[in-house]
Amino acid sequence: MALGKLQKVLISESLDPCCREILQAGGLRVTEKPGLSKEELLREIRDCDGLIVRSATKVTAEVLQAAERLQVVGRAGTGVDNVDVEAATRKGVLVMNTPTGNSLSAAELTCGMILCLARQIPQAAASMKEGKWDRKKYMGMELNGKTLGVLGLGRIGREVAIRMQAFGMKTIGYDPIITPDVSATFGVEQLPLEQIWPRCDFITVHTPLLPSTTGLLNDSTFAKCRRGVQVVNCARGGIVDEGALLRALQSGQCGGAALDVFTQEPPKDRDLVNHPNVISCPHLGASTREAQSRCGKEIAMQIVDLATGKGLAGVVNGQALSKAFAPQTKPWINLGKALGTVLCTAGKQVQGSVQVCTLGTPLKEAGSYLTPAVAAGMLAGGTQKEVTLVNATLLAQEAGLKVTTTHSDVTPEPDSSTGLVQVSLQGTPHQVTGTVQGSTPVLQQINGATFKLPAPLSGPLLIYRAKASDTSALATLTGLLSKAGAQLLSYHSSSTVAGEQWSVVGLSAPLSNLSELKPRVTEIFQLHLP
């Protein structure tokens, strides 16, 4: 796990003081500078290992490029659309959030918005402040018996549905991930979107802002809705097409809207905000003392746990890293990297398809972290500055390398209690097999040849294939080591295949010149493994 020591964290937005206190108690240096301009952020971020933001700071590719030491971006909240996650992943920077921290506050604000739409409370209050007494103008509606469509049934959508059921509302919804059986447990009937539009009196959105959800409510979908439908967006600006919403309000197809978020914040085009049937807030979903304290506390604890190696929670990218903190998985991650490096060097290619096969029940869930580990090993020593479990899969794809994983519970004896990992370069004879003994990754097979005693995969290694009957390679190697002042630390030989055998030699230091050895072997290569 190629994460260095976290030392300095920048907090670029106003957060509860507990965030700073927890970070400092965890041994980290903290700089708090809310309200930085883009240019100021580019200067401040250069020597920071961590960055904590809310929703205002834009963590762009330019910011990430300027952050020479950055290892983690922590979002004190749920949505990460203000962070260029792909650029962070490519650079090997972890992105984490606090998905539960502001759920209740956002849900309660949504419920308040629905009530305000039904009874026009903000408009009536403003009228009173103007000295008016317009009882007839502000005729409202009861929520009891009305249908609420909840689009997105995660933590916030679920809490909204449960609370609005207490008002007698019928709740229907849609979510591509939550199953209908699960949503039924909290009283939401799932339907296709095409069936939701015409049934709803109120629609509230609780999805992330993705290409698939941008403009989810648009001219076409508004046309399918019940006339006078009321719309709430306390999720992300852009899920509701603002131009389409304004047109629907002007035509009466939409009877009212409550918006806490906008495509541009603060909005420069005030037509929506100024519309008499629109209730708007300046992105207050998480603006409660409780949510801010909870989010600040959670993101600080997550970063301290990361810094101390205790664990990893709330990770948005690099999910494989969450396994890397478990003591029992670290040696297997090192094995995956080592096997990837051996295979790449032996196969003399990085492009192509690589098959990782885990054997044995203990490795049933290991594919999630072995896939990026093998990819990282194959890319090691290439043109990339640093390959980590965070960016290995993405960089491998860009390099033309496809790594896939399969699993079998059946393991050859005597490895049934620990497991084996086989890595093959498809379309070639190159295959390596290894396991973990104690905490040491070891090589058991290479290209069909089995080692009598598994060879440790660590430190400087010399690996060669030669005729089994010819011992001159080992004698020549001994002479080279003596000349170079290096030592032979270990020697492991394989079974004979087609008259040849493989040798893995552990050295105290790499050899600078192998020219004397090459005439005595069929193939030879050196590695330096962690």
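What counts and what doesn't
Residues numbered from 1 in each chain as written. Predicted model: local features only at pLDDT ≥ 70, side-chain atom pairs only at ≥ 80, totals over all residues. Heavy atoms only, no water. UniProt positions renumbered as here; feature names shortened; annotations may be inferred. Helix = DSSP H or I, 4+ residues; strand = E, 2+ residues; numbered from the N terminus. Domains from an automatic or database assignment. Contact = heavy atoms within 4.5 Å. Buried area = accessible area lost by both parts, 1.4 Å probe. Nonpolar A, V, L, I, M, F, W, Y, C, P; charged D, E, K, R; others polar. Pairing = 2+ DSSP bridges. Right-handed = clockwise from strand over helix to strand, strands pointing away. Disulfide = S-S within 2.5 Å. Expected span 1.5 Å × (residues − 1). Buried < 20%, exposed > 50% of the residue type's maximum accessible area, 1.4 Å probe, protein only. Core = buried A, V, L, I, M, F, W, Y, C linked by side-chain atoms within 4.5 Å. Axes fitted to C-alpha atoms, helices over the stretch in contact; angles between N-to-C directions.

- The protein has the name D-3-phosphoglycerate dehydrogenase in an unreviewed UniProt entry, where Taeniopygia guttata is given as its organism.
- The Pathway (unreviewed entry) comment attached to the protein in UniProt states, word for word, "Amino-acid biosynthesis; L-serine biosynthesis; L-serine from 3-phospho-D-glycerate: step 1/3."
- What the UniProt record of the protein gives under Subunit (unreviewed entry) is the line "Homotetramer."

1. Considerations on the UniProt feature "domain: D-isomer specific 2-hydroxyacid dehydrogenase NAD-binding" (unreviewed entry) in the protein
Stage number 1. Look at the UniProt record and you will see "domain: D-isomer specific 2-hydroxyacid dehydrogenase NAD-binding" (unreviewed entry) annotated at residues 112-285.
Stage number 2. Between the C-alpha atoms that bound residues 112-285 there is a distance of 11 Å. The span itself is 33% helix and 17% strand.

2. So, the domain arrangement of the protein
Stage number 1. You can read the domains of the protein as domain 1 (8-100 + 290-317), domain 2 (102-280), domain 3 (319-448) and domain 4 (458-529).
Stage number 2. Once you take the C-alpha centre of each, domain 1 and domain 3 turn out to be 31 Å apart.
Stage number 3. At the junction of the two partners, domain 1 supplies 16 residues and domain 3 supplies ten residues.
Stage number 4. Contact with domain 3 buries surface across domain 1, with Thr89, Arg90 and Leu312 losing the most and accounting together for 43% of the total.
Stage number 5. In terms of residue count, helix H4 (residues 85-91) provides more of the side of domain 1 that touches domain 3 than any other element does, four residues in total.
Stage number 6. Among the residues forming the side of domain 1 that touches domain 3, the class breakdown is six nonpolar, five polar and five charged.

3. What to know about the UniProt feature "domain: D-isomer specific 2-hydroxyacid dehydrogenase catalytic" (unreviewed entry) in the protein
Stage number 1. In the numbering used here, UniProt assigns the "domain: D-isomer specific 2-hydroxyacid dehydrogenase catalytic" (unreviewed entry) feature to residues 9-317.
Stage number 2. Helix makes up 37% of residues 9-317 and strand 16%, with an end-to-end C-alpha separation of 19 Å.

4. Here we look at the pairing of strand S2 (residues 29-32)
Stage number 1. Two elements, strand S1 (residues 8-11) and S2, share four bridges in a ladder whose sense is parallel. Within the sheet, the bridge partner assigned to Ile11 lies in S2 and is Glu32.
Stage number 2. Between the parallel elements S1 and S2, the chain passes through helix H1 (residues 17-25) in a crossover that is right-handed.

5. Remarks on the state of the cysteines
In a disulfide, the sulfur atoms of two cysteines are held together by a covalent bond.
Stage number 1. Inspection of the entire model under this criterion finds zero disulfides.
Stage number 2. No disulfide involves Cys111; its nearest neighbouring cysteine sulfur is the one of Cys234, lying 9.3 Å away.

6. Points about helix H16 (residues 367-379)
Stage number 1. Between its terminal C-alpha atoms H16 stretches 18 Å, which fits the 18 Å expected from 13 residues at 1.5 Å a residue.
Stage number 2. In terms of burial, H16 is a largely internal element, twelve of the 13 residues being buried.
Stage number 3. Among the residues of H16, those classed as buried are Gly367, Tyr369, Leu370, Thr371, Pro372, Ala373, Val374, Ala375, Ala376, Gly377, Met378 and Leu379.

7. So, the nonpolar core
Stage number 1. With 46 residues, the main nonpolar core has Val354, Val421, Val423 and Leu457 as its most contacted residues.
Stage number 2. There are two domains that each give this core at least three residues, and those are domain 3 (319-448) and domain 4 (458-529).
Stage number 3. Other than its neighbours up to four places away in sequence, Val423 contacts Leu339, Leu343, Val354, Gln355, Val356, Val374, His430, Gln431 and Val432.
Stage number 4. By size, the runner-up hydrophobic cluster in this structure holds 29 residues, among which are Trp197, Cys200, Val240 and Leu246.

8. A few points about the sheet that holds strand S21 (residues 500-507)
Stage number 1. Reading across the sheet, the four strands line up as S20-S21-S19-S22 and stay open at both edges, with antiparallel pairing between neighbours. Each edge of the sheet is formed by a strand with only one pairing partner; in this case those strands are strand S20 (488-493) and strand S22 (523-529). Going from strand to strand, the sheet's axes swing by 20° on average, the running direction of each strand aside.
Stage number 2. Note: strand S19 (residues 459-467) against S21, seven bridges, orientation antiparallel. Residue Ile463 lies in a different strand from S21, and its bridge partner there is Val504.
Stage number 3. Packed on one face of the sheet, helix H15 (residues 330-347) meets S19 and S22 and runs near 150° to S22.

9. A short note on the sheet that holds strand S18 (residues 449-456)
Stage number 1. With respect to topology, six strands assemble into an open sheet ordered S14-S13-S15-S16-S17-S18, the strand pairing being mixed. Of all strands in the sheet, those with a lone pairing partner are strand S14 (401-408) and S18, marking the two edges. In this sheet, neighbouring strand axes are inclined to one another by 20° on average, regardless of whether the strands run parallel or antiparallel.
Stage number 2. Bridging between strand S13 (residues 352-359) and strand S15 (residues 420-425) involves six bridges; their strand directions are antiparallel. Residue pairing in the sheet places Cys357 in a bridge with Gln422 of S15.
Stage number 3. The strands touched by H15 within the sheet are S13, S15, strand S16 (431-437) and strand S17 (440-446), with S16 carrying the most contacts at an inclination of about 155°.
Stage number 4. Set on the sheet, H16 makes contact with S13, S14 and S15; between it and S14 the angle comes to about 140°.

10. What about the side chain of Ser12?
Stage number 1. Here Ser12 shows up in the loop between S1 and H1.
Stage number 2. Relative accessible area serves as the criterion here: at 3%, Ser12 is assigned to the buried category.
Stage number 3. Each residue touching Ser12, except ones within four places of it in the same chain, is listed here: Lys33, Pro34, Gly35, Leu51, Ile52, Val53 and Thr57.

11. Here's the deal with unusual backbone geometry
Stage number 1. A cis geometry characterises the amide bond from Glu265 onward to Pro266, with omega recorded as -5°.
Stage number 2. When you line up the elements, Pro266 lands in the loop between strand S11 (254-259) and helix H12 (271-274).
Stage number 3. One non-glycine residue, Gln120, lies in the positive phi region at around 55°.
Stage number 4. Among the structural elements, Gln120 can be located in the loop between helix H5 (103-119) and helix H6 (121-129).
Stage number 5. Notably, Asn447 is not glycine yet its phi reads approximately 50°, a positive angle.
Stage number 6. Following the sequence through the fold, Asn447 ends up in the loop between S17 and S18.

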